[in-house]
Amino acid sequence: MIYLWFKAFHLIGIVVWFAGLFYIGRLFVYHAEASLEPEPVASILKKQYQIMEKRLYGIITTPGMWVTVIMAGGMLTLEPEFLKSGWLHIKLFFVLLLIGYHHFCNRLMKKLENNTCTWTGQNFRIFNEAPTLLLVVIVLLVVFKGTLSLSWTTGLIIALIITMAAAIQLYAKKRRTDQEKILDIS
């Protein structure tokens with residue numbers, strides 16, 4: 001029964017962690033684009049985004065990561081034979097990438113706070129897709145375990161990357177068009 005408690009809280013931690021990672025990426029977009037606003041609006045927005053980023057990272061995202069990792073450790077302690085599974089090793093590799101992404105977000109947050117970040121809103125939009133890709137890969141590994149076809153999975157992930165890249169480009173084009181319409185009206 002304790003294994004199920006670990007598993008339940010592991011899933012809750014995952015949901016919280018990913019919610020934080022998805023949202024912090026959006027905040028980075030808005031933070032970077034605040035520089036395009038005139039003063040004092042730019043300074044006010046940047047200050048507000050810094051507060052939101054710090055709270056999100058410290059109160060939601062990082063605790064979500066720790067709950068996820070600690071509960072996974074509890075499950076592996078109770079069922080150590082899972083460590084013999086090849087799919088789990090691959091999953092843990094992608095989880096390590098996700099943890100690296102998480103910590104890189106903290107680094108970006110500090111650069112944004114110090115006004116030393118040179119990334120644009122577009123760069124952050126692309127960066128914000130990484131947790132989505134990692135989530136897809138990790139969930140597929142867990143659901144299918146050792147039965148997942150490498151060629152089908154690789155094709156699916158490549159298709160997902162192409163779709164995301166196209167969506168980002170289409171959205172950027174729409175934003176430019178909308179901005180041009182606003183300027184034409186003025």
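Everything discussed here concerns the structure shown above.
A brief structural summary. As the structure is a prediction and not an experimental result, all values here were calculated from the model.

1. Here we look at a nonpolar patch on the surface
So, step 1. Together, Met1, Ile2, Leu4, Trp5, Phe9, Ile12, Val16, Ile59, Ile60, Val67 and Leu78 line one region of the surface with nonpolar side chains, adding up to about 1,100 Å² of accessible area.
So, step 2. The element that contributes the greatest number of residues to the nonpolar patch is helix α1 (residues 2–34), accounting for six residues.
So, step 3. Positionally, Ile2 belongs in helix α1.

2. With respect to the packing of helix α3 (residues 86–113) against helix α5 (residues 130–144)
Each packed pair of helices is defined by two parameters, the angle between the axes and the distance between the axes.
So, step 1. Relative to each other, α3 and α5 sit at 160 degrees, their axes nearing to 10 Å. The orientation of α3 with respect to α5, classified from their angle, is roughly antiparallel. Where α3 crosses over α5, the two elements pack in a sense that is left-handed. Contacts between α3 and α5 involve Trp87, Ile90, Lys91, Phe94, Val95, Leu97, Leu98 and Tyr101 from the former and Ala130, Pro131, Leu134, Val137, Ile138, Leu141 and Val142 from the latter.
So, step 2. Residues of the contact of α3 with α5, tallied by class, amount to 14 nonpolar, no polar and one charged.

3. Looking at the environment of Phe28
So, step 1. Relative to the helices and strands, Phe28 resides in helix α1.
So, step 2. Judged by its relative accessible area of 0%, Phe28 is buried.
So, step 3. For the pair formed by Phe28 and Leu141, sequence separation is 113 residues and the distance between their alpha carbons is 29 Å.
So, step 4. Excluding anything up to four places from it in sequence, Phe28 contacts Glu53, Cys105, Leu108, Met109, Leu112 and Phe124.

4. Examining the packing of aromatic side chains
So, step 1. Enumeration over the complete set of coordinates arrives at 11 aromatic pairs.
So, step 2. Aromatic pair Trp5 and Phe9: ring centres 6.3 Å apart, planes at 20 degrees, arrangement stacked. Here the residue Trp5 and the residue Phe9 both occupy positions in helix α1, the gap between them amounting to four residues, near one helical turn.
So, step 3. Between Trp119 and Phe127, the aromatic rings sit 5.3 Å apart at their centres with planes inclined by 75 degrees, giving edge-to-face as the arrangement.
So, step 4. Note on Trp119: relative accessible area 28%, which makes it partly exposed.
So, step 5. Of the residues examined, Phe127 reaches a relative accessible area of 11% and is grouped as buried.
So, step 6. Taken together, the ring pairs connect Phe28, Tyr101, Phe104, Trp119, Phe124 and Phe127 into an aromatic cluster.

5. Looking at the nonpolar core
So, step 1. Ile24, Phe28, Leu98, Cys105 and Phe124 are the most contacted members of the largest nonpolar core, which has 29 residues in total.
So, step 2. If you list the elements that add at least two residues to this core, you get α1, α2 (41–78), α3, α4 (121–127) and α5.
So, step 3. Those residues within four positions of Cys105 in sequence are excluded, and the remaining contacts are Ile24, Phe28, Tyr57 and Phe127.

6. Description of α2
So, step 1. Look at α2: 54 Å from first C-alpha to last across 38 residues, which is about the 56 Å you get at 1.5 Å a residue.
So, step 2. Along α2, the helix axis deviates most sharply at Tyr57, where the bend reaches about 40 degrees.

7. A short note on the pattern of salt bridges
So, step 1. Within the structure shown, the criterion is met by two salt bridges.
So, step 2. In this structure, Glu33 and Arg125 form a salt bridge, with 2.8 Å as the shortest nitrogen-oxygen distance. In this pair, Glu33 is assigned in helix α1 and Arg125 in helix α4, connecting sequence segments 92 residues apart.
So, step 3. Judged by its relative accessible area of 6%, Arg125 is buried.
So, step 4. In this structure, the salt-bridge partner of Glu113 is Lys54, at a minimum N-O distance of 3.0 Å. A residue pair is termed long-range when its members are at least 10 positions apart, and Glu113 in helix α3 and Lys54 in helix α2 qualify at 59 residues.

8. Quick notes on the packing of α1 against α2
So, step 1. α2 packs onto α1 with a crossing angle of 160 degrees between their chain directions and a minimal axis gap of 7 Å. Considered as vectors, α1 and α2 are oriented roughly antiparallel to each other. The two elements α1 and α2 cross, and the hand of that crossing is left-handed.
So, step 2. For the contact of α1 with α2, a count of residues per class yields 27 nonpolar, nine polar and three charged.

The rules behind these values
- Residues numbered from 1 in each chain as written.
- Predicted model: local features only at pLDDT ≥ 70, side-chain atom pairs only at ≥ 80, totals over all residues.
- Heavy atoms only, no water.
- Patch = residues over 30% accessible without salt bridge, like charges linked within 9 Å, V, L, I, M, F, W, Y side chains within 5 Å.
- Areas by Shrake-Rupley, 256 points an atom, 1.4 Å probe, with all protein chains shown as cover.
- Salt bridge = Lys/Arg side-chain N within 4 Å of Asp/Glu carboxyl O.
- Helix = DSSP H or I, 4+ residues; strand = E, 2+ residues; numbered from the N terminus.
- Axes fitted to C-alpha atoms, helices over the stretch in contact; angles between N-to-C directions.
- Parallel < 35°, antiparallel > 145°, perpendicular 65-115°, else oblique.
- Left-handed = near helix turned anticlockwise from the far one by under 90°.
- Contact = heavy atoms within 4.5 Å.
- Nonpolar A, V, L, I, M, F, W, Y, C, P; charged D, E, K, R; others polar.
- Buried < 20%, exposed > 50% of the residue type's maximum accessible area, 1.4 Å probe, protein only.
- Phe/Tyr/Trp six-rings, centres within 6.5 Å; stacked < 30°, edge-to-face > 60°.
- Core = buried A, V, L, I, M, F, W, Y, C linked by side-chain atoms within 4.5 Å.
- Expected span 1.5 Å × (residues − 1).
- Bend = angle between axes of the 7 residues up to and from the residue.

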